[in-house]
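Secondary and tertiary structure notes
The lines below spell out each chain.
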Amino acid sequence: DAGVIQSPRHEVTEMGQEVTLRCKPISGHNSLFWYRQTMMRGLELLIYFNNNVPIDDSGMPEDRFSAKMPNASFSTLKIQPSEPRDSAVYFCASSLVAGGPRYFGPGTRLTVT
Amino acid sequence: DQQVKQNSPSLSVQEGRISILNCDYTNSMFDYFLWYKKYPAEGPTFLISISSIKDKNEDGRFTVFLNKSAKHLSLHIVPSQPGDSAVYFCAASVNTGNQFYFGTGTSLTVIP
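So, here's what we can say about the structure. (Residues numbered from 1 in each chain as written. Chains lettered and ligands numbered in written order. Predicted model: local features only at pLDDT ≥ 70, side-chain atom pairs only at ≥ 80, totals over all residues. Heavy atoms only, no water.)

**Some remarks on the overall build of chain A**
- Check the secondary structure of chain A and you find zero helices and 11 strands.
- The globule rule puts the C-alpha radius of gyration for 113 residues at 13 Å, and the 13 Å found for chain A is close to it.
- For the C-alpha atoms alone, the extent of chain A along its principal axes is close to 40 × 25 × 25 Å.
- Burial status across chain A gives 49% buried among its 113 residues.
- Across chain A, the fraction of contacts at a sequence separation of at least 24, relative to all contacts at a separation of at least 6, is 53%.
- Here chain A contributes 11 positively and 11 negatively charged side chains, and the mean placements of these two sets differ by 5 Å. (Helix = DSSP H or I, 4+ residues; strand = E, 2+ residues; numbered from the N terminus. Rg over C-alpha atoms; globule rule 2.2 N^0.38 Å. Buried < 20%, exposed > 50% of the residue type's maximum accessible area, 1.4 Å probe, protein only. Contact = heavy atoms within 4.5 Å. Lys, Arg positive; Asp, Glu negative; His and termini not counted. Charge placed at Lys NZ, Arg CZ, Asp CG, Glu CD.)

Here is the structure:
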């Protein structure tokens, strides 16, 4: 299996621009997680989907962030408008069973200037 | 406030010796714990889990110990190998729920 696939791997954008991060979970997995990693706060859960339905989005920092999972094989995390403080590594993870994120993607390093 | 803490940012160990990575938590409701390993430019890789009904779980060279009264868990790697050099994260949750709180990580270097 190819594992969890994320694109792009690196994104550099200017403040105010829209950013879309993409994730393809492992086939057959029914849970999908978006995490953000920063030096200050470490790894934080942004949102979690189960069977394509958002279950917990309490970690989404503000209305500028939105996430969708239109089908079992694709999810997006959108930031509009982006700000320099959004600069971080964003990870997507998927799992087949309950008990947290088991398989992480390689991450997208986002830099907002 | 950080609910899961890894107070040692780094650790160096000689190849063949034991590596002990520590993790402390503040929320007594946490009852399920995970350890991950992370190489640079990659996502974390799940290593081992433990439920609060146990105080030890073993998988090959990796053993996790849980001390509920001290709110402390540790990951033992024996024997340590150079390929184990990575950042190790612990994470905790309540009732295996999917809100896992991660520690800030410990960077392990295994010296050949």
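There is more to say after this.
**Examining the interface of chain A and chain B**
- Counting residues at the interface gives 17 residues for chain A, matched by 16 residues for chain B.
- Overall, the association of chain A and chain B removes approximately 1,400 Å² of surface from exposure, summing both partners, and the carbon and sulfur fraction of that is 54%.
- For the pair chain A and chain B, the interface holds zero salt bridges.
- Summed over the shared surface of chain A and chain B, the number is four residue pairs in polar contact (both at pLDDT 80 or more).
- Looking at the side of chain A that touches chain B, the elements with two or more residues in it are β4 (31-38) and β5 (42-50) of chain A.
- Looking at side-chain class alone, the side of chain A that touches chain B contains nine nonpolar, five polar and three charged residues. (Buried area = accessible area lost by both parts, 1.4 Å probe. Salt bridge = Lys/Arg side-chain N within 4 Å of Asp/Glu carboxyl O. Polar contact = N/O pair within 3.5 Å; in protein donor to acceptor, adjacent residues only side chain to side chain. Nonpolar A, V, L, I, M, F, W, Y, C, P; charged D, E, K, R; others polar.)

**A word on the nonpolar core**
- Membership of the largest hydrophobic core comes to 23 residues, with the highest contact counts inside it found for F33, W35, L73, L75 and Y88 of chain B.
- Broken down by secondary-structure element, the contributors of at least two residues to this core are β3 (19-25), β4 (32-38), β5 (45-51), β7 (62-67), β8 (72-77), β9 (86-93) and β11 (106-111) of chain B.
- Leaving out residues up to four positions away in the same chain, F33 of chain B has contacts with Y25, I48, S49, I50, L66, L73, A91 and A92 of chain B.
- In this structure, L46, A67, L110 and V112 of chain A belong to the second largest nonpolar core, which totals 21 residues. (Core = buried A, V, L, I, M, F, W, Y, C linked by side-chain atoms within 4.5 Å.)

**Side note on the sheet that holds β7 of chain B**
- With antiparallel pairing, the five strands of this open sheet are ordered in space as β1-β3-β8-β7-β6 (chain B). Edge positions in the open sheet fall to β1 (4-5) and β6 (56-59) of chain B, since each of these has one partner strand only. (Pairing = 2+ DSSP bridges.)

**Quick notes on a nonpolar patch on the surface**
- A cluster of nonpolar residues, I18, I20 and V78 of chain B, forms a patch on the protein surface that exposes about 220 Å² of accessible area.
- Within the secondary structure, I20 of chain B is located in strand β3. (Patch = residues over 30% accessible without salt bridge, like charges linked within 9 Å, V, L, I, M, F, W, Y side chains within 5 Å. Areas by Shrake-Rupley, 256 points an atom, 1.4 Å probe, with all protein chains shown as cover.)

**Thoughts on the packing of aromatic side chains**
- Per the counting criterion, the structure on display carries 12 aromatic pairs over all chains.
- A ring pair is formed by Y25 of chain B and F33 of chain B, whose centres lie 4.8 Å apart and whose planes are at 45 degrees; its orientation type is tilted.
- Assessed through its relative accessible area of 1%, F33 of chain B is described here as buried.
- Taking 5.6 Å as the distance between ring centres and 40 degrees as the angle between the ring planes, the aromatic pair formed by F30 of chain B and Y101 of chain B counts as tilted. Residue F30 of chain B is found in the loop between β3 and β4, and its partner Y101 of chain B is found in strand β10 (residues 101-102); the two are separated by 71 residues along the sequence.
- For Y101 of chain B, a relative accessible area of 32% gives the class partly exposed.
- Here a set of aromatic residues connected by ring pairs shows up, and it is made of F33, Y35, Y48, F91 and F104 of chain A together with Y36, F46 and F102 of chain B. (Phe/Tyr/Trp six-rings, centres within 6.5 Å; stacked < 30°, edge-to-face > 60°.)

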